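A closer look at the structure
One letter stands for each residue in the lines below.
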Amino acid sequence: MIRKTKAVMNRVTEVCKRLDEQYGSDMRTYLDHRNAFELLIATILSAQCTDKRVNMVTPDLFAKYPTVHDFATADIKELEKAIHSIGFYHAKAKNIIGCAQKLESDFGGEVPRTIEELTSLPGVGRKTANVIRGNIYEDPSIVVDTHVKRISKRLGFTNSDDPVVVEHDLMKILPKENWIRYNIQIIYLGRTICKAPNAKCSECFMSDICPSCKIK
DNA sequence: AACTCGGGGCA
DNA sequence: TGCCCAGAGTT
């Protein structure tokens, strides 16, 4: 667990300020959707797959299956065909159908709100649940993926590899009202500059305050 | 905690 | 070719 030292909190303040300056203060999810259910499906599809490719298939997908009931009664082979280019298509098709069926049977066709309810759905883990909570219900939530984990360590915001510990560390130090915004900004930073093997520190707007910066 | 699932994009 | 991608489920 990280300790809220003065040095860490000063860095948090500066990092948040620069993220907003760089990326704007209205960042949310990358995934195209018109309602909670569509975001849930898109997020399930996005596991181990870039958002760009998810957004390529979702318009046709949601046109073919407009409602929860359409997914709940879908033919799995046909659904697999519709999402084939995503990867993991068999498991994801199965999960999406099971998910839609459980929404109908247990939740009145609505997307539930709590972590426990969301993660009880097939194909929905902690990350997906937090995407829904943060983007749809605007409940304070932190999404921990490989980008968030890596950058949080590099910035000295956590020293753990356990996603749940990282989540709690970030909850302790980030300004609560903007968790999901900083979350998506950090992910974007990770995709473009602060990469896993080859971090482009020379292009980074936080190089001067980053403890892991390789160019001083 | 390790392992498996997998197609497409990009270097 | 080889590596990577807003993970989740099973063992």
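What counts, and where the lines are drawn
- Residues numbered from 1 in each chain as written.
- Chains lettered and ligands numbered in written order.
- Predicted model: local features only at pLDDT ≥ 70, side-chain atom pairs only at ≥ 80, totals over all residues.
- Heavy atoms only, no water.
- Domains from an automatic or database assignment.
- Buried area = accessible area lost by both parts, 1.4 Å probe.
- Salt bridge = Lys/Arg side-chain N within 4 Å of Asp/Glu carboxyl O.
- Polar contact = N/O pair within 3.5 Å; in protein donor to acceptor, adjacent residues only side chain to side chain.
- Helix = DSSP H or I, 4+ residues; strand = E, 2+ residues; numbered from the N terminus.
- Nonpolar A, V, L, I, M, F, W, Y, C, P; charged D, E, K, R; others polar.
- UniProt positions renumbered as here; feature names shortened; annotations may be inferred.
- 1 Å grid on protein atoms, 1.4 Å probe; cavity = no way out; pocket = protein on both sides within 12 Å on 5 of 7 lines; lining within 4 Å.
- Contact = heavy atoms within 4.5 Å.
- Buried < 20%, exposed > 50% of the residue type's maximum accessible area, 1.4 Å probe, protein only.

1. A short note on the domain arrangement of chain A
As assigned here, chain A comprises domain 1 (6–28 + 143–203) and domain 2 (36–135). For domain 1 and domain 2, the distance between their C-alpha centroids amounts to 27 Å. Carbon and sulfur atoms supply 52% of the area buried between domain 1 and domain 2, which totals about 630 Å² over both sides. By the criterion of area lost to domain 2, the three top residues of domain 1 are Val143, Glu167 and Ile180, representing 59% of everything that side buries. Summed over the shared surface of domain 1 and domain 2, the result is 2 salt bridges. For Asp51, the salt bridge goes to Arg191, with nearest N and O atoms at 2.4 Å. The interface formed by domain 1 and domain 2 includes 2 residue pairs in polar contact (both at pLDDT 80 or more). Contributions of two or more residues to the side of domain 1 that touches domain 2 are made by helix 10 (163–173) and helix 11 (179–192). Residues that form the side of domain 1 that touches domain 2 fall into these classes: 4 nonpolar, no polar and 4 charged.

2. Points about the UniProt feature "binding site: [4Fe-4S] cluster" (unreviewed entry) in chain A
With numbering matched to this structure, UniProt assigns "binding site: [4Fe-4S] cluster" (unreviewed entry) to Cys194, Cys201, Cys204 and Cys210. On the basis of their most widely separated C-alpha atoms, the annotated residues across 17 residues gather in one place, lying no more than 11.0 Å apart. Lining the second largest pocket, from this annotated set, are Cys194, Cys201, Cys204 and Cys210. Tracing the backbone shows Cys204 in the segment after helix 11. Setting aside its immediate chain neighbours within four residues, Cys204 contacts Leu189 and Ile193. Position of Cys210 among the secondary structure elements: in the segment after helix 11. Here Cys210 falls in the buried class, since its relative accessible area comes to 14%.

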